[in-house]
Amino acid sequence: MNNAQIKENIKKYLEDNKEAIISDLITLCRIPSVSEEGKDGYVFGKNVNDALFEVKNIASKFGFEADVKENLGYATLSLKKGEKSMGLYSHCDVVPVKADEWIKTAPYEPFIDSNGYMYCRGCEDNKSSAVALIYIADMINKGIIPFESSYIAYFGGSEETGMQDLQNYVANEKMPDLCLVPDNSYPVCVGEKGIMRFIARPERNFEQIKAFEGGIAVNAVIGTHISKIKADKALFEEIKEKISENTSFDIKYDKGLITLTSYGKSSHAAMPEGSQNAAVMAAELLCGCEKLCENDRKILSDLAELSRDYYGSAAGILADDEHFGKNTYVLGISSCRNGRGFFKYDIRYGMTIPSDKMIDNIKKAFEEKGFETEIDENCPCFVTGAPRKYIDAVLKVYAEETGISDAKEYYSGGGTYARYLGNSFGMSIHDYSKLEYPDCELPKGHGEAHQPDEKIYIDAFFKGIVTDCMMMVELDRLLNEK
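Residues numbered from 1 in each chain as written. Predicted model: local features only at pLDDT ≥ 70, side-chain atom pairs only at ≥ 80, totals over all residues. Heavy atoms only, no water.

K.L.:
Would you mind showing me how to read the layout of surface pockets here?
P.N.:
Where empty space is left in the structure can be found by rolling a water-sized probe over the atoms. As a volume, the largest pocket reaches approximately 940 Å³. Contributing to the lining of the largest pocket are 46 residues, with Glu124, Asn184, Ser185, Met271 and Ala449 lying nearest its centre. The set of elements that each furnish at least two residues to the lining of the largest pocket consists of α4 (123-141), β9 (194-202), β18 (371-379) and β22 (455-457). It is α4 that provides the largest number of residues to the lining of the largest pocket, a total of 4 residues. Within the lining of the largest pocket, the residues separate by chemical class into 14 nonpolar, 20 polar and 12 charged. (1 Å grid on protein atoms, 1.4 Å probe; cavity = no way out; pocket = protein on both sides within 12 Å on 5 of 7 lines; lining within 4 Å. Points joined across faces, edges and corners; volume = space filled by probe spheres on them. Helix = DSSP H or I, 4+ residues; strand = E, 2+ residues; numbered from the N terminus. Nonpolar A, V, L, I, M, F, W, Y, C, P; charged D, E, K, R; others polar.)

K.L.:
It is not clear to me how the sheet that holds β22 should be interpreted in this structure. Could you clarify?
P.N.:
The strands that make up a sheet are held in pairs by hydrogen bonds between backbone atoms, and each pair lies either parallel or antiparallel. Spatial strand order, β4-β5-β22: 3 strands in an open sheet with antiparallel pairing. Strand pairing shows two members of the sheet lacking a second neighbour, β4 (111-112) and β22, which therefore form its edges. Inspection of the sheet shows β4 paired to strand β5 (residues 117-119) by 2 bridges, in the antiparallel sense. Paired with phenylalanine 111 across the two strands is tyrosine 119, which belongs to β5. On top of the sheet, helix α2 (residues 18-29) reaches β4, β5 and β22; it is set at about 20° to β5, its chief contact. (Pairing = 2+ DSSP bridges. Contact = heavy atoms within 4.5 Å. Axes fitted to C-alpha atoms, helices over the stretch in contact; angles between N-to-C directions.)

K.L.:
What exactly am I supposed to notice about helix α6 (residues 233-242) here?
P.N.:
For an α-helix, the turn length of 3.6 residues means that residues three or four places apart are oriented alike. Every buried residue of α6 is accounted for by Leu235, Phe236, Glu238 and Ile239. For α6, the angular spread of buried residues about the axis comes to 165°, placing them on one side. In this structure, the buried residues of α6 make contact with β11 (224-230), β12 (249-254), β13 (257-263) and α7 (278-286). For α6, the capping residue at the N-terminal end is aspartate 232, with a side-chain oxygen 3.1 Å from the backbone nitrogen of alanine 234. (Buried < 20%, exposed > 50% of the residue type's maximum accessible area, 1.4 Å probe, protein only. Arc of directions from axis to C-beta. Polar contact = N/O pair within 3.5 Å; in protein donor to acceptor, adjacent residues only side chain to side chain.)

K.L.:
Is there a simple way to explain the packing of helix α10 (residues 388-402) against helix α11 (residues 458-479) in this structure?
P.N.:
Geometrically, a packed helix pair is captured by the angle between its two axes and the distance between the axes. At a closest axis distance of 9 Å, the pairing of α10 and α11 adopts a crossing angle of 140°. Crossing hand, α10 versus α11: right-handed. Only Lys463, Val466, Thr467, Met470, Met471, Glu474, Leu475, Leu478 and Leu479 of α11 make contact with α10, whose side of the interface consists of Lys389, Tyr390, Ala393, Val394, Lys396, Val397, Tyr398 and Glu401. Of the residues in the contact of α10 with α11, the class split is 11 nonpolar, 1 polar and 5 charged. (Left-handed = near helix turned anticlockwise from the far one by under 90°.)

Written out as structure tokens, the structure reads:
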């Protein structure tokens, strides 16, 4: 078969199975599969385990026996064919939600509007890929996709919380000759920034502030934040006057307790541009309140100074890399534990400043403000080890499928499974090229991965499956060429 016939066969299969694919995606998205290590006696929690078994259930409809490794937190589906092998990697876990931030639907109740958008947590990141990998297996099995290589589909359970699932997989399984990760953007991602997370705690306890809470995951800008302050009405009136015409804040007073809610604009920590951190907003407001005690004002003033710049200038990590661009730096979790502030940061970094130097600079900057720091995670930059011919093949197919002839490989601020797989690279499974799609009418800070009202455009999803399948066909030919 030539490529034109292969593509037509794939498109016909997808059209014939469109309702089933959407139904399976809805079923998988209804599972609130936030990874929580050890919860309910499961390695990443019962909900993640349920999602992996739902993958097994979907696969069984085609006669496939997906293998769920309950104690390791992942599932695989394998088609044994040739000596060479190609793996595709997805994840079934999702970032947490704040249900009151959602507009279109409840987070785990998938909703499809009249314009063809689906809204729900996980539909874009990354359950659409998980469902697609099962149907791709069926197309290979039926000969719709000509494929000589053995095919491995991977479904993970802790991608959003450190990727321990994939590290378990790498330690226990034979790696495919080539690995594709449809959890990024087109055309092809050949490198990812390093990821560092650290915890900062002020040496002094808060005195009046009893809660300073925000953030659903460290890898997202805080969208909503709640401060609770023990105070008389004088502080309440001062704050109320400062925010009198500011709709980004809401304030209540009850029995000596002020509740201040700040509303920012969330985004993925790797792409903080245009976002607004609700915790920093609260700190900046409160540190200027004369009726708040000096101790708490000082802590919040220092926190605001250390946290407001998304590129880390206050922490001494400002840098711009030739391939990776600017380092990013985001306060993702804000809390008050037993009177003491607890703040967790997410950094995405290139190769301009060595990570050990960054750690030294961070510790110095925070210590000067009276904060203790602890490095929680540090994963270095990833650059693909896949041969150049595979990258060129993906770019060629992308140009043919989209008409975008000048697209180049890129380096990403995000973190995906690709960084642990060696001969690997990332792409998307949502192809918007040549599609006319309507405005989804969402406010800024909604609709993308890790945001409220996470969405996909269904036609782009199906078009992306075609694009990825054609990439797989070309890569399979290269893998098996004599």
